[in-house]
Structures are given as C-alpha cells and as structure tokens.
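Inside the fold
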Amino acid sequence: MPTLDLSKAKPSSKAAAATPVAPAVETRALPSKPSLVGLGRDELKAALEAIGIEGRETRMRVAQLWGWIYQRGAKTFAEMSNVSKHLRAALDEAYTLDRPEVVVEQVSQDGTRKWLMRIPPSVAGEKWHEIETVYIPTRDRGTLCISSQVGCTLTCSFCHTGTQKLVRNLTAAEVVAQVIVARDRLGDWPDQSPPEGAFVPDDGGRFVTNIVLMGMGEPLYNVDNVTAALKTLLDPDGLQFSKRRVTLSTSGVVPEIGRVGADTGVSLAISLHAVNDDLRDELVPLNRKYPIAELLEACRTYPGVSNARRITFEYVMLKGVNDSVDDARRLVRLLKGIPAKINLIPFNPWPGSKYECSDWEQIERFSEVVFDAGYSSPVRTPRGRDILAACGQLKSETERLRAKDKAALMSKAEQDAFRAMSMVD
C-alpha cells in the first residue's frame, strides 16, 4: 500500500493486479499511484484538493470517501454509488484503494491467524518491507495485534522480534491498513461472511472487536504516526473502535506515555517483566534509560487511570529468572497504589532463545501470590505458537524451522492449551 505523495497525484495507467505470491522484494517496481486506504481526514482532504476538488464540496467528498473506506471496506472507486461518475474517474486516475499485500497467511491449530504483509518502501530505491499482524479469536471477541515498525528499535533479550533490526517506522496509514486487511480477510464488513471454517466470535457482532499495539516495534518510538492512526481507528463515523478496546503496549518510553494517553485515551499496557533494575536492564535494555521508578511514576499519572481503567502490566514467565515466589511478592509491593492488572505470559519459545518457560506449577504459585494481594492476575493462554504468532515470536524475516524445532513448538502449544483450559484468557 503506497503512502500518499501528492507530488505524484496525477493521472497514470492502472497498476497491474497483484499475484498471490509476489516476486522477490528486490525486483518489484514501485506503485504507480498512492493509496487512500489508512489516511486521516486531513490527508483525504489534501488528496481531493490535489485533483481539483475545492471549497465546500471538499468536506462532503471527504465524508463520502471516509464512509466507503472505513464503514464499508470499498476496494474500488466504482463501488462508491453516491459519488459522481466524473469524480470516481478522477479518483481512479490519481489514486488506488490498495491494501498491503498479504504474502503468506498461516492458520494455527487454535484458530489464530498470522498474516505476513508486504508494504512499499518509504523512498525509491529501498526494498519492499514486510510486517506481521496476528488475529486472536475467542467466542466473544476477536483481538487484532498490529505492528508499528518494520523490525524493532529495542533489543529485549527474550523477544524474537528484537533480534530483527529496525528498518523504519510505519506510517499512520500503514498502521491503520493492517486493520483494513484483517477485516477483508475475515469478511468483517457489512454483507460479508468469514472464510469457511474460520474461528471468529459467534455473538453476532464484529469479528475484529479489540486492537492491541503489541506487534513488531515500539509504538512510542513512532508516537506521531501511532497517535494519528489511533485517531482514525477511534473515529465514531469510521472504524468506530472504543478507547476501552484499544490497548497500546510500551516497553517504557516514559516521556511519551502521558502524551499518547492525553491525545487518544486508549488503554495502556507496560512490558515490565522484572522487579528490579538490574534484571530489567538485561531483559529490557530500555530500562537503562528509563528505570522502573520513572516508569511507574508515569503510570501513576497516566490520564484517566482508575480502578475502572486499570493499567495492564505484562510479565513474561522465565524459568529460574524472574518467576520465584519472592519475585511475586516484590511485584505486588512495586505496584502498590497503581490501579493495575498483572498479565502473566508463559514464555513463548523461538529458535535460538536462551530462555525456557516457567513450569506450570510455578506459574500458578506466582499467580496465587499476586491474586491474594488483590490484583487480577490472569495467565495468558499461549495462542498461535505452532505458527510463531504468539507474544514475542513475531519476526518478518522468512525463516525455515528445522522439523524437530517445529515439532517441539507444536507439542508445547498442545500441552499449554490443555493445561490452560481453566485459566483466564
């Protein structure tokens, strides 16, 4: 999905249709026309002005495009029945409604879906880039985990994504477009149906109900684009996501936490993972810049935080590293006074990692200490491990696992699914 460059917004020939499996990223031509998918209202206004729409008409046309793109999921301008033929032709000459290209779709045994998406470079001469987006369904909700960067600027030692270097930030449009692609693939638009056999919520509502910025990248190192994307996702006349159903996860970019909270009002999650600075320096090196005390102070003053809107603290369970009962007691003391939920995450293995997942009995003991102190302490059921779609496993590079590695991951996923059936998701 090309980014909007108004200097190139001029009539051009129609781009060739994408093939199911794209050629190598090094040899692909740049898109001939920019896409309007994912743009905010001001950017749509500028796009219309670039093709001669002026004055009062602009506002009306923006509203029309907004509805077709974000309420109905239009893929062509020809679908826009309340837009004049002349304007549809002008739009088709200058722009497209292209989405990021789905290169690979993987479906887990548990119904989780992972899409490897390809997006154009930000400047000519670069390779096309790849990101991963994950859909995690249950009976009453469908959570979409989206990325904010190509690669990651952080190097958290337990995270597979952190082994991939940062390539660039995603634009606001590219962040939003991941949601559009997911709804396309799931049939989550009016008068559409999910793919045969797909696991989606069965309560009669949307298939994508929740969004978490927990994919590739650190959202607050791309705060301007992420904030703009969130405003598009939250728009009541467009995609209509509730602030309570959108969660931004950060490893602790302290100066931006309050800002994004004030600008968007979305829920906050903190990748904590340790109860002292020495260990967190190793697990989450960003802690050397913003230590735990500064991070927790930013949480205490997060806009809108209350017992009704608690901050989620994510804590990955690493065997023999951070999973002792004493660690659990220290965690409780550390978070005293902060309206919090503590989300315990069984470590999701990936090839080459030096860590192991805590034993299930130890996770339960840790959870009991936290729960007895008055905190909600759900243990996140591992989802999508067999397709490397679980927390901390995303990486856009194409990697072939050895057969025994893949078998081990699938076996672990099956064991955890059985053990976690009675746990809170």
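Treat the numbers as computed from the prediction; the structure is a model and nothing was measured.

Moving on to the environment of G38. Take G38: it is sitting in the segment before α1 (41–50). A residue is classified by how much of its surface remains accessible, and G38, at 2% relative accessible area, is buried. When the C-alpha positions of G38 and V175 are compared, they lie 7.5 Å apart, and in sequence the two are 137 residues distant. With residues up to four places along the chain from it excluded, the contact list for G38 reads Y70, A172, A173 and V176.

With that settled, the discussion passes to the packing of aromatic side chains. What the rule picks out here adds up to 3 aromatic pairs. Taken together, a centroid distance of 6.3 Å and an interplanar angle of 75 degrees make the contact between F347 and Y355 edge-to-face. Y355 carries the same exposure label as F347, and that label is buried. Across from the ring centre of W68, 4.1 Å away, lies the NZ or CZ of R72, which sits over that ring. When the ring centre of W189 is taken as reference, the NZ or CZ atom of R183 above it lies at 4.1 Å.

On the surface, a cluster of negative charge is contributed by E361, E364, E368 and D372. By secondary structure assignment, the location of D372 is in helix α10 (residues 360–372).

Here we take up the confidence of the model for the chain. Chain-level statistics for the chain give a pLDDT mean of 85 and a share of 82% at 70 or above. A low-confidence stretch, residues 2–25 (pLDDT under 50), is modelled with 45 contacts involving residues beyond four sequence positions or located in other chains. Scored below 50 in pLDDT, residues 390–425 shows 72 contacts in the model against residues more than four places distant or in partner chains.

This part takes up the side chain of Q362. By the secondary structure assignment, Q362 is in helix α10. Note on Q362: relative accessible area 16%, which makes it buried. Excluding residues that lie within four positions of it along the chain, Q362 makes contacts with D323, S324 and V325.

About the criteria used
- Residues numbered from 1 in each chain as written.
- Predicted model: local features only at pLDDT ≥ 70, side-chain atom pairs only at ≥ 80, totals over all residues.
- Heavy atoms only, no water.
- Helix = DSSP H or I, 4+ residues; strand = E, 2+ residues; numbered from the N terminus.
- Buried < 20%, exposed > 50% of the residue type's maximum accessible area, 1.4 Å probe, protein only.
- Contact = heavy atoms within 4.5 Å.
- Phe/Tyr/Trp six-rings, centres within 6.5 Å; stacked < 30°, edge-to-face > 60°.
- Lys NZ or Arg CZ within 6 Å of the ring centre and 35° of its normal.
- Patch = residues over 30% accessible without salt bridge, like charges linked within 9 Å, V, L, I, M, F, W, Y side chains within 5 Å.
- Areas by Shrake-Rupley, 256 points an atom, 1.4 Å probe, with all protein chains shown as cover.
- Salt bridge = Lys/Arg side-chain N within 4 Å of Asp/Glu carboxyl O.
- Lys, Arg positive; Asp, Glu negative; His and termini not counted.
- Charge placed at Lys NZ, Arg CZ, Asp CG, Glu CD.
- pLDDT = per-residue confidence, 0-100.

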